[in-house]
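# Secondary and tertiary structure notes
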Amino acid sequence: MKHLYYISLFILWLGITSCNDWLDVDPKTSIPTEKQFQSEYGFKDALTGIYLKMGIKTLYAGDLTYGYIDELAGIYSNSPENENDPRIYNQSIMFDYENKFRNKKNTIYAEMYNIIANINSLLHYIDKNRSVLQTKGYYEIFKGEALGLRAFLHFDLLRLFGPIYRKNPDEKAISYRTVFDKTPTPILKAEEVVKLILEDLVEAEKLLQAEDTRFFFVDHDSEAYSEMDPFLASREYRMNIYAVKAMLARVLCYKGDAESRIQAVKYAREVIEAKQYFTLYTNQSMADYNSIRYGEQIFGLSVDRLWEILDNNFMKMSETNIQRRFVTSATLFNLFYERTGVGSTDWRKNPEMFEQTGGSNLYFLCRKYNQDVLRESTGLNTIPLIRLPEMYYIVAECESDQTRSAEALNTIRFARGISYNDEITTDGYDLPDTGSEESPLQSKRINEIMKEYRKEYFAEGQLFYYLKAHDYQYYYGCGVKVMTDKEYQPKRPDNEQIFGNNN
């Protein structure tokens, strides 16, 4: 698969350069030598390395997708990495950010800013050495991708370490690093961070709009693909133009004011309407051998030998011992997928997606990342980070017209096999969902979207952010009586002098 070209190129570069520690540069150290950025290959290597660094176990090939972030969302009934501590089966322990999980959250923080530092190094040299980029479109595409990635990483840092935004947008959140130097960077208010994220995304959109090749999901045996510059192909693995539009929709929805919601719907619909590039899976047969629903991927990562990371991170597909595997109890699973009600026909819960184990004490094992059934053309070694259904959920959340909102939500539900007889109606749509045993204080609209995120993005790391954004006081699996800011907002690391004067 030609997206693996990047991996091979990067490995080759590591073997021949003396500057092979660029990925581990302390954000406060001096900018690396210009030697790396004296050729197009140097820029390719740098950008490729950024994507590779994102795909490590402590970030998006683990803790920020199917791992710790989804443990916080309560989708698992255990924490196998802490099997020697019987307390860990109390889900409330997962929120012990300052003791039990201090190192985990600090590592996420440090690794993310490490990547951002290298993005800023690339952005510095891409303008300084622009003449090096002779291939048409390289400058716009490389810079657009880098800006989009900088926004993407800062946004996830904000969603995790920042406040509940709609309650406290003026609370200090994180720093927004835009330069690679020793200049101290203050902690900004959450609303200031959102502003800078949107500025980066808007600039990225302008750069990519004309030059992005839009070369998605192409048959790798085709003549067109063989003639394509491999660095401009397989755009589903890059921060492409539609990934930027999807991020604009995601951030504007998060911001949540009236004008932002209108713009969020606009951007989400632009992605939805790009039907020539993305395919919404509408029946189980389409997903029987593709549980990650690769054709819906707007942006994801190619992770070399992903199966090894999964095997070593409690996602080994052949493992059924609940002490060595993330598992979900039958009780929680039945609640999540509404198996006794509207979810009885939902194919997202079927054996291709989950395996049962445990005999009379029944548990479910997620098989979403089962590499045995995937091929190079269907998403082998892939971690999806943005998929098409989210755009429908954003429309459902932000659309002021209740009928159009419910229509967007029902589109995904019907595609996933839920009966037309179980259509979501607009009766009491924006009133407290008093019939809900889980969250009666939320509106029916917000609760129905939440349930969709939980079904659709199981083990993809999106649910906790939704729960936090809407300040859920309780959700199935959370393990506490009342969720507060303390559970939703881990503190920034103490050693922030590494990243500047964050006072």
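In the block above lies the structure referred to throughout.
Nothing here was measured: the structure is a model prediction, and the numbers come from that model. (Residues numbered from 1 in each chain as written. Predicted model: local features only at pLDDT ≥ 70, side-chain atom pairs only at ≥ 80, totals over all residues. Heavy atoms only, no water.)

## Points about the pattern of salt bridges
Counted according to the given criterion, the structure contains 43 salt bridges. Between lysine 105 and glutamate 98 there is a salt bridge; the shortest N-O distance is 3.2 Å. Note on lysine 105: relative accessible area 2%, which makes it buried. A salt bridge links arginine 250 to glutamate 390; the nearest nitrogen and oxygen atoms lie 2.7 Å apart. With arginine 250 in helix α8 (residues 241-255) and glutamate 390 in helix α13 (residues 389-398), the pair connects residues that are 140 residues apart, well separated along the chain. The class for arginine 250 is buried, based on a relative accessible area of 5%. A residue is classified by how much of its surface remains accessible, and glutamate 390, at 3% relative accessible area, is buried. (Salt bridge = Lys/Arg side-chain N within 4 Å of Asp/Glu carboxyl O. Buried < 20%, exposed > 50% of the residue type's maximum accessible area, 1.4 Å probe, protein only. Helix = DSSP H or I, 4+ residues; strand = E, 2+ residues; numbered from the N terminus.)

## Regarding the layout of surface pockets
Of the pockets and cavities examined, the largest pocket occupies roughly 290 Å³. Lining of the largest pocket is provided by 17 residues; of these, Leu335, Glu338, Glu438, Lys451 and Tyr476 occupy positions nearest its centre. Here the element with the most residues in the lining of the largest pocket is helix α15 (residues 444-456); it accounts for 4 residues. (1 Å grid on protein atoms, 1.4 Å probe; cavity = no way out; pocket = protein on both sides within 12 Å on 5 of 7 lines; lining within 4 Å. Points joined across faces, edges and corners; volume = space filled by probe spheres on them.)

## Focus on the pairing of strand β4 (residues 363-366)
Residue alternation in β4 divides its side chains into two sets, Tyr363 and Leu365 and Phe364 and Cys366, and both sets are buried. Summarising the sheet, strand β2 (residues 328-329) and β4 pair through 2 bridges and their orientation is antiparallel. Of the residues in β4, the one forming a bridge with serine 329 is tyrosine 363. Strand direction decides the pairing type here: strand β3 (residues 354-357) and β4, joined by 4 bridges, are antiparallel. Within β4, the position partnered with glutamine 356 by the bridge is phenylalanine 364. Between β3 and the antiparallel strand that follows it, β4, lie 5 residues; glycine 358 among them carries a positive phi value of about 105 degrees. (Pairing = 2+ DSSP bridges.)

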